[in-house]
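# Architecture at a glance
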Amino acid sequence: MTVTRRMTRNGIFGAAALSLLLTLPGCISLGAKVPDQLMTLTPDVSASAGSVASGTLADAIAVIDPGTPRELDVQRIPVQVNDTEIAYLKDATWVEKPARLFRRLLSETIRAGGTRLVIGGADEQYAAATKLTGQLLAMGYDARTQSVVVRFEAVLARPGGKIATRRFESEIAGVAPKAQYVGPALNEAANDVAAQVAEWVG
């Protein structure tokens, strides 16, 4: 009988606690707040529907996610406040991390050129004879110059162990520090860098 009373009492307390939680929706959060808008990178050029590319792994190029510094390993846009301070732009959130967005933009830009067979997938990309990777050094806003900057240190590994590196950069000045201006400017700068890389890769 004692056990039954204890279970009943616990059940009453549990129901009361649940009722209290349901009446306080503005006071608690069961997860992170979803941003009102998410930003992405959209290629200026894209392979047309139905286009076909064929070849062998010896001819193919794989574009691999670039490395990033710590400030870019998040879904936020870094702001270089001064030489030693970095903040993040208010109300600006990428749909996923910048390295993956930039890799997809690079892949599509190279593919749209029609001169290289671009492959993806965890297995195929490492089997390709030519691999493009590197370091995405900057993809953010510089408050000192009111500009957006995209900087990519490309590493191209060719058959036979040949490796080439080259740094690419695009800067757009006169951008107000607001998400609605910074986002499109970063998309423009990223496309500029992707086009430069695609031309270099050939």
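Provided above is the structure to which this section pertains.
Residue numbers restart at each chain and count upward from 1, following the sequence in its written direction. Confidence filtering applies because this is a predicted model: local features only for residues at pLDDT of at least 70, side-chain atom pairs given and counted only at 80 or more, and all residues used for totals across whole chains, interfaces and linings. Note: side-chain values were computed over all heavy atoms of the structure, leaving out hydrogens and water.

### Let's talk about the nonpolar core
Test applied: Put simply, a nonpolar core is a bunch of buried Ala, Val, Leu, Ile, Met, Phe, Trp, Tyr and Cys residues held in one set by side-chain atoms that sit within 4.5 Å of each other. With a 1.4 Å probe rolled over the protein chains alone, any residue whose accessible area is under 20% of its type maximum counts as buried; one over 50% counts as exposed, and the rest are partly exposed. Helix and strand definitions follow DSSP, with helices as H or I runs of at least four residues and strands as E runs of at least two, each counted in order from the N terminus. We call two residues in contact when some of their heavy atoms are within 4.5 Å.
If you look at the biggest cluster of nonpolar residues, it comprises 41 residues, and the most contacted ones within it are Phe102, Leu132, Val148 and Val150. With twelve residues, helix H4 (residues 179-201) is the largest single contributor of residues to this core. Excluding anything up to four places from it in sequence, Val148 contacts Gly140, Tyr141, Ser170, Glu171, Ile172, Val175, Val182, Ala185, Leu186 and Ala189.

### Observations regarding the packing of helix H2 (residues 98-113) against H4
Each packed pair of helices is defined by two parameters, the angle between the axes and the distance between the axes. Note the cut-off: Angles here are taken between N-to-C directions and fall from 0 to 180 degrees, while the axes themselves are lines fitted to C-alpha atoms, restricted in helices to the stretch in contact. An angle below 35 degrees is read as roughly parallel, one above 145 as roughly antiparallel, one from 65 to 115 as roughly perpendicular, and any other as oblique. By convention, the crossing between two helices is left-handed when the near helix turns anticlockwise from the far helix through less than a right angle, and right-handed when the turn is clockwise.
One way to put it is that H2 packs onto H4 with a least axis distance of 9 Å and a crossing angle of 50°. When the interaxial angle is binned, H2 and H4 end up oblique. The two elements H2 and H4 cross, and the hand of that crossing is right-handed. Along its contact with H2, which presents Phe102, Leu105, Leu106, Thr109 and Ile110, the element H4 presents Ala190, Asn191, Val193, Ala194, Ala195, Val197 and Ala198.

### Details of H2
Basically, it comes down to this: Helices are assigned an expected span. That span is 1.5 Å times one less than the residue count.
With 16 residues, H2 extends 23 Å between its outermost C-alpha atoms, agreeing within 8% with the 22 Å of an ideal straight helix rising 1.5 Å per residue. Taken together, the buried positions of H2 are occupied by Pro98, Ala99, Leu101, Phe102, Leu105, Leu106, Ser107, Glu108, Thr109 and Ile110. Where H2 is buried, its residues meet strand S1 (60-63), strand S4 (117-119), strand S5 (130-142), strand S6 (147-157) and H4. Trailing H2 by a residue or two, Gly114 shows a phi angle of about 75°, which is positive.

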